[in-house]
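# Structural features, examined
Letter by letter, the chains look like this.
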2 protein chains.
Amino acid sequence: MTQSSTRNRRILLASRPTGWPDASNFNLVSEPVPEPGPKEVLVRALWLSVDPYMRGRMSAAKSYTKPVEIGEVMTGGVVGQVVRSNHPAFKAGDIAEGSLGWQDYAVADAALLRKIDPNLAPIQTAVGILGMPGMTAYFAFLEVCQPKAGDTVVVSGAAGAVGQIVGQLARINGCRAVGIAGGDDKLDYVKRELGFEATINYKTSNDLTKAVAAACRRGVDVYFDNVGGPVTDAVFNNLAFKARIVICGQISQYNLDKPDLGPRNLRYMLINRARMEGFLVWDWRDRYPEALKRISGWIKEGRIKYSEHVTEGLERTPEAFIAMLKGANLGKALVKVAEPQ
Amino acid sequence: MTQSSTRNRRILLASRPTGWPDASNFNLVSEPVPEPGPKEVLVRALWLSVDPYMRGRMSAAKSYTKPVEIGEVMTGGVVGQVVRSNHPAFKAGDIAEGSLGWQDYAVADAALLRKIDPNLAPIQTAVGILGMPGMTAYFAFLEVCQPKAGDTVVVSGAAGAVGQIVGQLARINGCRAVGIAGGDDKLDYVKRELGFEATINYKTSNDLTKAVAAACRRGVDVYFDNVGGPVTDAVFNNLAFKARIVICGQISQYNLDKPDLGPRNLRYMLINRARMEGFLVWDWRDRYPEALKRISGWIKEGRIKYSEHVTEGLERTPEAFIAMLKGANLGKALVKVAEPQ
C-alpha cells in the first residue's frame, strides 16, 4: 500500500504480444498526478480489475472496440476514491467505479463514473459481481440463454468471475449446472460452495466429449461459453434439441501464436436446431440497475456467493493479468492498489 | 418412361458410403407392386426429388432422424399418381406428394399424403418451390434471418433448389442478395434471371474472404448457409454487427472421408454480437399453407422464378443424386419417372 503521493504510477502498453503476453509488453512509468479540469474528477485507484477482454485490447486485430495504442495506459475497470472533484455529483472521499486504466490516479469525466455506496457491499464488488462480470452473467444467461427449470446448463470457465455467477443463476432458476474448469480446487469449490451439480476438469480428462456426455445424460440444453477451443468442441458433440449457446468469451484462443484449427461443428447446430449468440455486456447497460438490484438481493439472502483472487500492488498488475489468463484465479481476479483514506 | 406395370422397381441402400457415394451403394431390385391395405393408397411415382439431406440418411451417424437401414428403400420425396385408393380422401388419378422413396410404386397412409392440384402449377413443384425447398427458403430466411430492407444477404449454394429462392425472397424484401456458387453458368443465371446483385464463384476465387469483402462492403448482415466449410469461413470473416446466420445445410461436409478441420470462428460471433440458428423445415410444417399461398402469389406475379434440373428414368436416380451432391444441378434436382396417365 502506497500513501497518497504526488506521483502517478502508470502501466503502459509497451508492445503487442504475439501469443502469451509477458512483462516486456508493459512499461511502468511515474508521472505527476494530473489535475482535474472543469467538471472533471480526480480518482485514486483502490482496486483494479483484470479481465480476459484486456488481452483483445492489446492486439491490433479487429474487435468490438479499438485497441490500446502502444504507449497508452492499459485499459481496465477501477474502483477508486475521489481525491478532488470539479463536478457537483462527486465530492472528495466518495467511492467511484469507472474504466480508469492501470494507474494510481486518473482524471475522469464525471458522467463516466458510477458512485458506489460502501455500505451496501465491499467496494471491489463494483468491478465483480456487482459490476461487469455480474452484469455479463445475468444478461447473457437469463436473456440470451432463456433457461427453463430442468435444463442442463454447462458453464466453461466455471470458476472464473463470470462462470461462478452463471452456475448459481442456473441453480436459482431450477437448472442443473455443470462446471468445466482446469483445477480440482476450483471444481471442488464450485461444487461444494456454489451448488454446481457436476464438474469436469478439462486438464485431466482424457476424453472431454465422453466426460460431458457422462455429466449431461440428456444432452446440453444451455452452454455458457467463456473459453472456446476443445472444451467447446466437446460440448457441441453433446448438444440437446433446441440448445441455446452464448459466446461470452473465448479465452483459450486469445494467446495463440496463430489461429487454431478445430472440427467444423455447424452440423450440430442444424441437427439440434440450436441457437447461438455472441454477447457483449455493453449492449445491456440500460438495464444494469435491474440486474444490480436482483443480484444484491440474492447476495443478501445468501443465495449467491462469490470469491475473489487478490494480488497486492499496482506494479504487480501485469503479473496478476497473465496469471488470470493462465487460469490461476479462483473467482474474480483483482489487484488491490491502496486502502481508502 | 415405363408403362404401368405389375413390377415395382425399387432402389435400396446396399451399403453405407465413406466419402462420396457411388453406384455400388445402391441396389436396384424388382418386386411385385404392393397392395394397399385398409385406408391406404397405392401411388405410382411420376417425379422423384433428390436432395442433399439424403446423404445424411445413408450414414449411421447421429442426425435429426434415423438413417435408412441397409436393404431398405432409399428415402425421398415423390410426386405421384394414385393408382388405387382405400381412403375416401383420394381416388384413382389424383396427384399426391409424399415421402415415398426411390421406387415406382408405394403404399401410403393417406394421412401422410398431400393432394396436389395439377391446375395450379406444374406438379413437380410440389417437391420444389411449392414443397420442401420452398418452405425451407421461406421460413429459414423470413423467420430465422429476420431480414430488413437494405440488408446484405449472402447465400451459399445460391443456384440450388433452396438458394435460388432465398435470393429472390431477399430481393422482394428490399435486401441486396450476393450469391456464392461453383460455376459461372449458375452465377450468370442467378444474377441475370433471379436478380442477385453480386456473385462469387468459390471454385475460381483465389481469396474467398477478399471476394466476400468486395461484394459486401458494409459486411454481411444475413448469411443463409447451405454449404459450410471454407465458403462459410470466408463469410465469418466479413460478418456485420448483429449479423444473423441460418445453418440450413452443410453440403461441403457430407462427403468427407473424415471430418474436416477449419478455423475456430466463434470469436466473430462475439465481436459482432451475431446470432446463428440451425434450421429444419419440419419444425414449421403447421405454417406451410401460409408460405405456399405467398410463394404461389409471387410466382403468378412473375416475382419469383425457379429452374429445374431433370434427369429421366428411375434407374438413374443414384446418378442424379450424386451429380446433385457434386453441384452439377442448376435449380431443383429432379428425376422424371413416368408420365401421368
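Just above, that's the structure.
None of the values given here were measured: they were computed from a predicted structure.

With that out of the way, let us pick up the overall build of chain A. The helix and strand inventory of chain A stands at nine helices and 16 strands. The C-alpha radius of gyration of chain A comes to 20 Å, within 12% of the 20 Å expected for a compact globule of 341 residues. For chain A, the residues scored as buried account for 57% of the 341 residues in total. Expressed as a percentage of contacts within chain A between residues at least 6 apart in sequence, the contacts between residues at least 24 apart total 68%.

Between chain B and chain A, the residue contacts involve 38 residues of the former and 38 residues of the latter. Note on chain B versus chain A: buried area summed over both sides is about 3100 Å², and carbon and sulfur give 57% of it. The largest per-residue losses of area from chain B upon contact with chain A belong to Arg264, Leu270 and Arg273 of chain B, which jointly make up 26% of the total buried on that side. Between aspartate 260 of chain B and arginine 264 of chain A there is a salt bridge, with its nearest N and O atoms 2.9 Å apart. Counting across the chain B and chain A interface gives twelve residue pairs in polar contact (both at pLDDT 80 or more). Only helix H6 (229-236), strand S12 (239-247), strand S13 (261-263), helix H7 (266-271) and strand S14 (275-278) of chain B provide two or more residues apiece to the side of chain B that touches chain A.

Looking now at unusual backbone geometry. All names here are of chain B. Backbone geometry at lysine 39 places phi at a positive 70°, although glycine is not the residue there. Mapped onto the elements, lysine 39 comes out in the loop between strand S2 (26-32) and strand S3 (40-49). Residue lysine 39 is classed as exposed on the basis of its relative accessible area, which comes to 56%. In this model, arginine 273 sits at a positive phi of 45°, which is unusual for a non-glycine residue. Mapped onto the elements, arginine 273 comes out in the loop between H7 and S14. Judged by relative accessible area, which is 10%, arginine 273 ranks as buried.

Strand order in the open sheet formed by twelve strands is S10(A)-S9(A)-S8(A)-S11(A)-S12(A)-S14(A)-S14(B)-S12(B)-S11(B)-S8(B)-S9(B)-S10(B), with mixed pairing between adjacent strands. At either margin of the open sheet sits one strand with a lone partner, and together these are strand S10 (198-201) of chain A together with strand S10 (198-201) of chain B. Across the sheet, the mean angle separating the axes of adjacent strands is 15° when strand polarity is ignored. Where strand S11 (residues 220-225) of chain A meets strand S12 (residues 239-247) of chain A, five bridges bridge the pair, whose relative direction is parallel. Residue pairing in the sheet places valine 222 of chain A in a bridge with arginine 244 of chain A of S12 of chain A. Lying on the sheet, helix H2 (residues 132-144) of chain A is in contact with strand S8 (152-156), S11, S12 and strand S14 (275-278) of chain A; it crosses S11 of chain A at an angle near 150°. Strands in contact with helix H5 (residues 208-215) of chain B are strand S9 (176-181), S10 and strand S11 (220-225) of chain B; relative to S10 of chain B, the strand with the most contacts, it is inclined by about 175°.

Turning to the relation of the copies chain B and chain A, a few remarks are in order. Take chain B, turn it by 180°, move it 0.0 Å along the axis, and it overlays chain A with an RMSD of 0.0 Å. The superposition of one copy onto the other is thereby described by a two-fold rotation axis. When the interface residues of chain B are mapped onto chain A, 100% of them are again interface residues, pointing to one common binding face.

Residue and element names in this part refer to chain B. Along the chain, asparagine 201 falls in strand S10. A relative accessible area of 9% means that asparagine 201 is categorised as buried. The residues touching asparagine 201, leaving out its near neighbours within four places in the chain, are Ala181, Gly182, Gly183, Asp184 and Leu187.

The next thing to look at is the pairing of strand S1 (residues 7-13) of chain B. All names here are of chain B. The element S1 is extensively covered by neighbouring structure, given that six of its seven residues are classed as buried. Bridge count between S1 and S2: seven bridges; the pairing is antiparallel. Bridged to leucine 13 within S2 is phenylalanine 26.

Turning next to the pairing of S14 of chain B. A two-sided burial pattern is seen for S14 of chain B, the buried positions comprising Arg275 and Glu277 of chain B on one face and Met276 and Gly278 of chain B on the other. As paired elements, S14 of chain A and S14 of chain B share three bridges and run antiparallel to each other. Considered in S14 of chain B, the bridge of glutamate 277 of chain A is made with arginine 275 of chain B. Bridge count for S12 of chain B against S14 of chain B is four bridges, and the pairing is parallel. Paired with valine 246 of chain B across the bridge in S14 of chain B is glutamate 277 of chain B.

Further remarks concern the pattern of salt bridges. Counted under the stated rule, the structure contains 48 salt bridges over all chains. For aspartate 94 of chain A, the salt bridge is made with lysine 115 of chain A, and the minimal N-O distance between the two is 3.5 Å. Remark: lysine 115 of chain A occurs in strand S7 (residues 114-116) and aspartate 94 of chain A occurs in the loop between strand S4 (77-85) and strand S5 (95-99); sequence separation between them is 21 residues. The buried category is assigned to aspartate 94 of chain A, whose relative accessible area is 10%. Assessed through its relative accessible area of 47%, lysine 115 of chain A is described here as partly exposed. Two residues, glutamate 69 of chain B and arginine 16 of chain B, come together in a salt bridge whose shortest N-O distance is 3.6 Å. Note that glutamate 69 of chain B is positioned in the loop between helix H1 (53-57) and strand S4 (77-85) and arginine 16 of chain B in the loop between S1 and S2, a separation of 53 residues in sequence. Overall, arginine 16 of chain B belongs to the partly exposed group, its relative accessible area being 26%.

Taken as a whole and judged by the stated rule, the model has 16 aromatic pairs over all chains. Taken together, a centroid distance of 5.5 Å and an interplanar angle of 65° make the contact between tryptophan 102 of chain A and phenylalanine 321 of chain A edge-to-face. Of this pair, tryptophan 102 of chain A sits in the loop between S5 and strand S6 (105-109) while phenylalanine 321 of chain A sits in helix H9 (residues 317-325); the two residues are 219 residues apart in sequence, bridging distant segments of the chain. By the burial criterion, tryptophan 102 of chain A is buried, and phenylalanine 321 of chain A matches it. Summarising the aromatic geometry, the rings of tyrosine 138 of chain B and phenylalanine 139 of chain B are spaced 4.9 Å apart at their centres and angled 75° between planes, so their arrangement reads as edge-to-face. Tyrosine 138 of chain B sits in the buried class, given a relative accessible area of 1%.

The rules behind these values
- Residues numbered from 1 in each chain as written.
- Chains lettered and ligands numbered in written order.
- Predicted model: local features only at pLDDT ≥ 70, side-chain atom pairs only at ≥ 80, totals over all residues.
- Heavy atoms only, no water.
- Helix = DSSP H or I, 4+ residues; strand = E, 2+ residues; numbered from the N terminus.
- Rg over C-alpha atoms; globule rule 2.2 N^0.38 Å.
- Buried < 20%, exposed > 50% of the residue type's maximum accessible area, 1.4 Å probe, protein only.
- Contact = heavy atoms within 4.5 Å.
- Buried area = accessible area lost by both parts, 1.4 Å probe.
- Salt bridge = Lys/Arg side-chain N within 4 Å of Asp/Glu carboxyl O.
- Polar contact = N/O pair within 3.5 Å; in protein donor to acceptor, adjacent residues only side chain to side chain.
- Pairing = 2+ DSSP bridges.
- Axes fitted to C-alpha atoms, helices over the stretch in contact; angles between N-to-C directions.
- Least-squares fit on C-alpha atoms with pLDDT ≥ 70 in both.
- Phe/Tyr/Trp six-rings, centres within 6.5 Å; stacked < 30°, edge-to-face > 60°.

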